[in-house]
Amino acid sequence: MTGAVPIDRLFRTAALLAVAAVFAACSGGIVTQRAHLLQDLPPWAELHRQNDAAVIRTAAGEERISMVQQDGVLHISSEELLYTSKPEWAVADSFVYDFDRDGSDEVMLHVWKRGSFGEHQPFWRKPDDKFRMTEHLFIFDWDGRRENPLVPLWMSSQIPVQAQTVDVDDAGIIRIEAPDGSVTLWEWGSWGLVRREEPA
Ligand SMILES: [Ca+2]
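Just so we're clear, the structure is a prediction, and the values are computed from it rather than from any experiment.

**Q** It is not clear to me how the overall build of the chain should be interpreted in this structure. Could you clarify?
**A** Helix and strand content of the chain: one helix and 12 strands. If you list the helices and strands of the chain from N to C, you get α-β-β-β-β-β-β-β-β-β-β-β-β. Relative to its 200 residues, the chain shows a buried fraction of 18%. Taking the intrachain contacts of the chain between residues at least 6 apart in sequence as the baseline, contacts between residues at least 24 apart amount to 36%.

Have a look at this one:
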């Protein structure tokens, strides 16, 4: 039987090639979607880079983490990788603060994504709303014991202002600067962020 290839080996080879082709197609699709996501950001959008150590205060104590952010992807680690932001998000910036003043810190992300809503877009919205790049502020509780330690606390739909930069001061006041230089201030209300009047 020299030179003959067993039929089961042919099937295995064909199956492996098929799996490889599907994997290449899928990963290529993800890369392409990601590239289009970043390309479709408005020219004034800024995706900040950071490589910072942070301390998160929880009811059980303090946890030291590192937050590495580059090209719209955020990684949070302690001794091991704990969190990677979703591939369909471009994370512009991230913050740790006790926004709701309950004694435990939250993580807030400034995110670009397609569409104002998540999976459950209201039926009366136009289909093309799903593809428009929109800005969001997402606030998460932190639970380092969970597989995904970011637990959604408040997930905004599209924010009503353009945010080129977002900053948080020592009092937890969120300062959003638009590309035209105009500034709005936001803070935690009874449930979620509310606009704050400019100080006199
Ligand atoms: Ca809190």
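**Q** Is there a simple way to think about the sheet that holds strand β7 (residues 133-142) in this case?
**A** Strand pairs in the sheet, formed through backbone hydrogen bonds, run parallel or antiparallel to each other. Strand order in the open sheet formed by four strands is β5-β6-β7-β8, and the pairing between neighbours is antiparallel. Both outer strands of the open sheet, β5 (90-97) and β8 (150-155), are each paired with one neighbouring strand and no more. Taken pair by pair, the neighbouring strands of this sheet meet at an average axis angle of 30°, ignoring direction.

**Q** Explain the environment of F138 to me, please; I cannot follow it from the model alone.
**A** Checked against the element boundaries, F138 lands in strand β7. The spacing of F138 and H110 is 28 residues in sequence and 6.6 Å in space, taken between C-alpha atoms. In contact with F138, not counting residues within four places along its chain, are M108, L109, V111, M155 and S156.

**Q** Sorry if this is basic, but what is going on with the sheet that holds strand β10 (residues 174-177) here?
**A** Reading across from one edge, β9-β10-β11-β12 is the order of the four strands in this open sheet, with antiparallel pairing throughout. Edge positions in the sheet fall to β9 (165-168) and β12 (193-196), since each of these pairs with one other strand and no more. Along the sheet, successive strands turn relative to each other by an average axial angle of 30°, direction set aside. Here β9 runs beside β10; their pairing, made up of four bridges, is antiparallel. By the bridge assignment, D167 is partnered in β10 with R175.

**Q** Can you help me understand the nonpolar core in this one?
**A** Generally speaking, a soluble globular protein has its nonpolar side chains buried in company with each other. Within the largest apolar cluster, 21 residues are counted, with the highest numbers of intra-cluster contacts made by V91, M108, L109, V111 and F138. Listing elements by their share of this core, those giving two or more residues are β3 (73-77), β5, β6 (106-114) and β7. Discounting chain neighbours no more than four positions away, the residues touching V91 are Q69, G72, V73, L74, S85, L109 and V111. Listed in part, the five residues of the second largest apolar core include A163, V166, I174 and W186.

**Q** When you look at the pairing of β10 in this model, what are you seeing that I'm missing?
**A** Burial of the side chains of β10 is restricted to one face: I174 and I176 are buried, whereas none of R175 and E177 on the reverse face is. When β10 meets strand β11 (residues 183-188), the two strands line up antiparallel, connected through four bridges. Across the sheet, residue R175 finds its bridge partner in β11, namely L185. The loop that links β10 with its antiparallel partner β11 comprises five residues; one of these, G181, has a positive phi angle of about 90°.

About the criteria used
- Residues numbered from 1 in each chain as written.
- Predicted model: local features only at pLDDT ≥ 70, side-chain atom pairs only at ≥ 80, totals over all residues.
- Helix = DSSP H or I, 4+ residues; strand = E, 2+ residues; numbered from the N terminus.
- Buried ≥ 20, exposed ≤ 12 C-beta atoms within 10 Å, placed from the backbone.
- Contact = placed C-beta atoms within 7 Å.
- Pairing = 2+ DSSP bridges.
- Axes fitted to C-alpha atoms, helices over the stretch in contact; angles between N-to-C directions.
- Core = buried A, V, L, I, M, F, W, Y, C linked by C-beta atoms within 7 Å.

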